[in-house]
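For reference, the chains in residue letters:
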Amino acid sequence: MATRCVPDADEVNEAIRLFMAARTGRALWPDEQDEYERLLATWAVARRDGPRPTA
C-alpha cells in the first residue's frame, strides 16, 4: 500500500503569506494568479487530509 505525501498546512500557509507579501500593493499577473490558486488548492488538501489533532 502506497502512502500519500500530504503537505503540512502550516508550511503551505507560510508559502502563501510569503508569495502574497512579495506582491503587496498590486494585482497578480495571470501566471501569478495561477500559482496562487495552486497554492490554495494545496493548502485545502493539507487541511482536509492532514494530521488530525489528538485530544
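Considering helix α1 (residues 9-21)
Over its 13 residues, α1 runs 18 Å from end to end, which matches the ideal 18 Å to within 8%, given 1.5 Å per residue. Every buried residue of α1 is listed here: Ala9, Val12, Ile16 and Phe19. Here the buried residues of α1 occupy an arc of 85° about the axis, which is enough to place them on one side. Residues Asp10, Glu11, Arg17, Leu18 and Ala21 are exposed on α1 and point more than 90 degrees away from its buried face.

Points about the side chain of Arg23
As for its placement among the helices and strands, Arg23 is situated in the loop between α1 and α2 (30-49). Judged by relative accessible area, Arg23 falls into the buried class, the value being 18%. Setting aside residues no more than four positions away along its own chain, Arg23 makes contact with Leu28 and Glu32.

Rules behind the numbers
- Residues numbered from 1 in each chain as written.
- Predicted model: local features only at pLDDT ≥ 70, side-chain atom pairs only at ≥ 80, totals over all residues.
- Heavy atoms only, no water.
- Helix = DSSP H or I, 4+ residues; strand = E, 2+ residues; numbered from the N terminus.
- Expected span 1.5 Å × (residues − 1).
- Buried < 20%, exposed > 50% of the residue type's maximum accessible area, 1.4 Å probe, protein only.
- Arc of directions from axis to C-beta.
- Contact = heavy atoms within 4.5 Å.

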